[in-house]
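Listed here are the chains, written in short residue letters.
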Amino acid sequence: MPVSEVHLIEHPLIQHKLTLIRDKDTGPKEFRELVDEVATLLAYEVTRDLPLEKTEIETPIMKGEFDTIAGKKIGIVPILRAGLGMLDGILKLIPAAKVGHVGLYRDPDTLEPVEYYCKMPTDLWERDLIVIDPMLATGGSASAAINFIKERKAKSIKFVCLIAAPEGVERLQKEHPDVDIYTPAIDEKLNDHGYIIPGLGDAGDRLYGTK
Ligand code: PRP
Ligand code: URA
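Notes on the structure follow. Everything numeric here is computed off the predicted structure, so don't read it as measured data.

## Section: the overall build of the protein
Step number 1: Across its full length, the protein holds 6 helices and 14 strands.
Step number 2: A compact globule built from 211 residues should have a C-alpha radius of gyration of about 17 Å, and the protein, at 18 Å, falls within 12% of that.
Step number 3: Across its three principal directions, the C-alpha atoms of the protein cover 65 × 40 × 30 Å.
Step number 4: Every one of the 211 residues in the protein was classed for burial, and the buried ones make up 47%.
Step number 5: For the protein, the share of sequence-separated contacts (at least 6 apart) that also reach a separation of at least 24 residues comes to 63%.
Step number 6: As displayed, the protein has an accessible area near 11,200 Å², and 55% of this comes from carbon and sulfur atoms.
Step number 7: Counting 26 positive and 35 negative side-chain charges, the protein places the centres of these two groups 3 Å from one another.

## A closer look at the pattern of salt bridges
Step number 1: As enumerated under the stated definition, the model contains 16 salt bridges in all.
Step number 2: Taking the shortest distance from any N to any O, the salt bridge between Lys17 and Glu37 comes out at 2.7 Å. Taken as a pair, Lys17 in helix α1 (residues 12-22) and Glu37 in helix α2 (residues 28-46) lie far apart in primary sequence, 20 residues in all.
Step number 3: Connected through salt bridges with shared partners, the residues Lys98, Asp123 and Arg127 form a single ionic network.

## Considering the site of ligand 1
Step number 1: Taken together, 15 residues sit near ligand 1, with Arg106, Asp133, Thr138, Gly139 and Ser141 positioned nearest.
Step number 2: Note that an oxygen atom of ligand 1 is positioned 2.5 Å from one of the side-chain N or O atoms of Thr138.
Step number 3: Here ligand 1, which alone exposes 500 Å², has 91% of that area covered by the protein.
Step number 4: Judged by the fraction of its atoms near the pocket grid, ligand 1 is located in the largest pocket.
Step number 5: Taken together, the elements giving at least two residues each to the shell around ligand 1 come down to β6 (101-106), β9 (135-136) and α4 (140-151).
Step number 6: Taken together, the residues of the shell around ligand 1 break down into 6 nonpolar, 5 polar and 4 charged.

## Here's the deal with the packing of α2 against helix α3 (residues 84-91)
Step number 1: It is the contact of α2 with α3, at a shortest axis distance of 7 Å, that shows an interaxial angle of 50 degrees. It follows that α2 is oblique to α3 by the angle criterion. Both α2 and α3 take part in a crossing whose hand is right-handed. In this structure, α2 uses Val35, Asp36, Ala39, Thr40, Leu42 and Ala43 to contact α3, whose residues at the interface are Gly85, Met86, Asp88, Gly89 and Ile90.
Step number 2: Counted by class, the contact of α2 with α3 contains 6 nonpolar, 3 polar and 2 charged residues.

The rules behind these values
Residues numbered from 1 in each chain as written. Chains lettered and ligands numbered in written order. Predicted model: local features only at pLDDT ≥ 70, side-chain atom pairs only at ≥ 80, totals over all residues. Heavy atoms only, no water. Helix = DSSP H or I, 4+ residues; strand = E, 2+ residues; numbered from the N terminus. Rg over C-alpha atoms; globule rule 2.2 N^0.38 Å. Buried < 20%, exposed > 50% of the residue type's maximum accessible area, 1.4 Å probe, protein only. Contact = heavy atoms within 4.5 Å. Areas by Shrake-Rupley, 256 points an atom, 1.4 Å probe, with all protein chains shown as cover. Lys, Arg positive; Asp, Glu negative; His and termini not counted. Charge placed at Lys NZ, Arg CZ, Asp CG, Glu CD. Salt bridge = Lys/Arg side-chain N within 4 Å of Asp/Glu carboxyl O. Near = heavy atom within 4 Å. Polar contact = N/O pair within 3.5 Å; in protein donor to acceptor, adjacent residues only side chain to side chain. 1 Å grid on protein atoms, 1.4 Å probe; cavity = no way out; pocket = protein on both sides within 12 Å on 5 of 7 lines; lining within 4 Å. Sits in = over half its atoms within 2 Å of the grid points. Nonpolar A, V, L, I, M, F, W, Y, C, P; charged D, E, K, R; others polar. Axes fitted to C-alpha atoms, helices over the stretch in contact; angles between N-to-C directions. Parallel < 35°, antiparallel > 145°, perpendicular 65-115°, else oblique. Left-handed = near helix turned anticlockwise from the far one by under 90°.

What follows is the structure, encoded as structure tokens:
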């Protein structure tokens, strides 16, 4: 069976900033700024395959045909709440994208995702979607979010995170073999509470200063 691709993004700027994000002494303000910056850098990678077309323009010297992006309709879907931390950083590079939201939290006992919100652009069927969430741990939240989106029939879906666990990568690839994963890090494993080791802790709590 065909399996999705995992794009491991090892750019030094991203790796450096990710280390600062992981550091427990990085407070919410700096954490938010760094997540925003890394999201912008990841957007650069995830849009690498956008098709181009020739457009005629006139430089101060002469007329000519030059590359422009070929009218691609993109949607960004943050998984609430922590996915919101990556949204503005991605919109900086793709400002015309529409935004859908999926609200999910992970039940701390069962580790299963619980849905509380879903609102998608109406023209989903003609949009290439980028689903964003800093953490791919068990993969339950990402997989459930993508299920909701697929019920509404998007054209294509990519998943972007900051840190993945091998368990989450395996589950997402198994349950959604058509969804490529973009991540700067695949960490060692999950601990008994489903947290990524070494990871960065609880992404939502670190973004918003909650506990
Ligand atoms: C975190 C994270 C992912 C999920 C990953 O969200 O942002 O959505 O856990 O874990 P999984 O891969 O095992 O499902 P959380 O449930 O803590 O909710 P929050 O974003 O509202 O804090
Ligand atoms: N959710 C988080 O925020 N962090 C983890 O390590 C795992 C799930």
